[in-house]
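Summary of the model geometry
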Amino acid sequence: MFRLSNLNAQVLCYWTGLVLVCACNSALAGTEMYVCTGKDGVRTYQNSDGGAGCVPLNLNPITVVPSPPSRPLNKPQSAVRSGTGSGDAKYDQSNDYLSYDAKADRLKILQEELRLEESKLDGLKNEYKDGHPDRLGSERNYQKYLDRTAQLKDQISTSQENISVIKKEIERMQK
């Protein structure tokens, strides 16, 4: 019976792993893909040349771009600096979650969303007419009219809720 010492077993495992990795890399590097079109017009993709109707597929290499290093979210509170003249401590906004420009952009977006939601609400209220909307020609059945009226009422309440949420978010952003 053949016995390996601990060191010999580690060396043998290392070399075996290295040979396997090299073999896999060389096998993958030489692999080409082919697109084969059958007599019935069906395309198949395979890694070997199937003869007539097979064309090598030109695959671009995969590009991997590393991400920039991330900054930690919880920085130490050494970001307090002294104010000019008054001696009051001011918060350094460079560590804030959103920079000033991003806050201004977000505020503009929220104000635009508020304007659009308010105009949508005005349109819905005009169509709803205090619970008595005009009957459409497709609403010969009275139940369809009632369903549309209920749907308009639901849309109005949803729009009002959206407006209140957007206003709260704007108030929070302006603090």
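Keep in mind the model is a prediction, meaning the values are calculated, not measured. (Residues numbered from 1 in each chain as written. Predicted model: local features only at pLDDT ≥ 70, side-chain atom pairs only at ≥ 80, totals over all residues. Heavy atoms only, no water.)

Okay, the overall build of the chain next. From N to C terminus, the chain includes three helices and five strands. Walking the chain from its N terminus toward its C terminus, one meets helices and strands in the order α-β-β-β-β-β-α-α. Looking at the 175 residues of the chain, the share that counts as buried comes to 15%. Residue pairs at least 24 apart in sequence account for 39% of intrachain contacts in the chain once pairs closer than 6 positions are excluded. Accessible area of the chain: about 14,900 Å², with a carbon and sulfur share of 55%. (Helix = DSSP H or I, 4+ residues; strand = E, 2+ residues; numbered from the N terminus. Buried < 20%, exposed > 50% of the residue type's maximum accessible area, 1.4 Å probe, protein only. Contact = heavy atoms within 4.5 Å. Areas by Shrake-Rupley, 256 points an atom, 1.4 Å probe, with all protein chains shown as cover.)

Averaged over all residues, the pLDDT of the chain is 76; the fraction at 70 or higher stands at 66%. Mean pLDDT in the chain bottoms out at strand β4 (residues 80-82), which sits at 45, and peaks at helix α3 (residues 142-174), which reaches 94. A low-confidence stretch, residues 78-88 stays under pLDDT 50, and its non-local contacts, those more than four residues away or across chains, total 11 contacts. (pLDDT = per-residue confidence, 0-100.)

Next up on the list: the environment of Lys129. Here Lys129 is to be found in the loop between α2 (100-128) and α3. For the pair formed by Lys129 and Thr149, sequence separation is 20 residues and the distance between their alpha carbons is 9.9 Å. Of note is the side chain of Lys129, whose polar atom sits 2.7 Å from the side chain of Asp134. (Polar contact = N/O pair within 3.5 Å; in protein donor to acceptor, adjacent residues only side chain to side chain.)

Right, let's talk about the packing of aromatic side chains for a bit. Following the criterion strictly, the structure yields one aromatic pair and no others. A cation over a ring is seen here: Arg135 above Tyr145, with NZ or CZ 5.7 Å from the ring centre. (Phe/Tyr/Trp six-rings, centres within 6.5 Å; stacked < 30°, edge-to-face > 60°. Lys NZ or Arg CZ within 6 Å of the ring centre and 35° of its normal.)

Moving on: the pattern of salt bridges. Taken as a whole and judged by the stated rule, the model has six salt bridges. For Glu112, the salt bridge identified is with Arg115, shortest N-O distance 2.5 Å. Separated by three residues within a single helix, Glu112 and Arg115 lie in helix α2, roughly one turn from each other. Here Arg172 ties to Glu169 by a salt bridge, and the two come within 2.7 Å at their closest N and O atoms. Of the two residues, Arg172 and Glu169 are both situated in helix α3; the distance of three residues between them amounts to about one turn of the helix. Three or more residues joined by partner-sharing salt bridges are found here, namely Arg106, Glu169 and Arg172. (Salt bridge = Lys/Arg side-chain N within 4 Å of Asp/Glu carboxyl O.)

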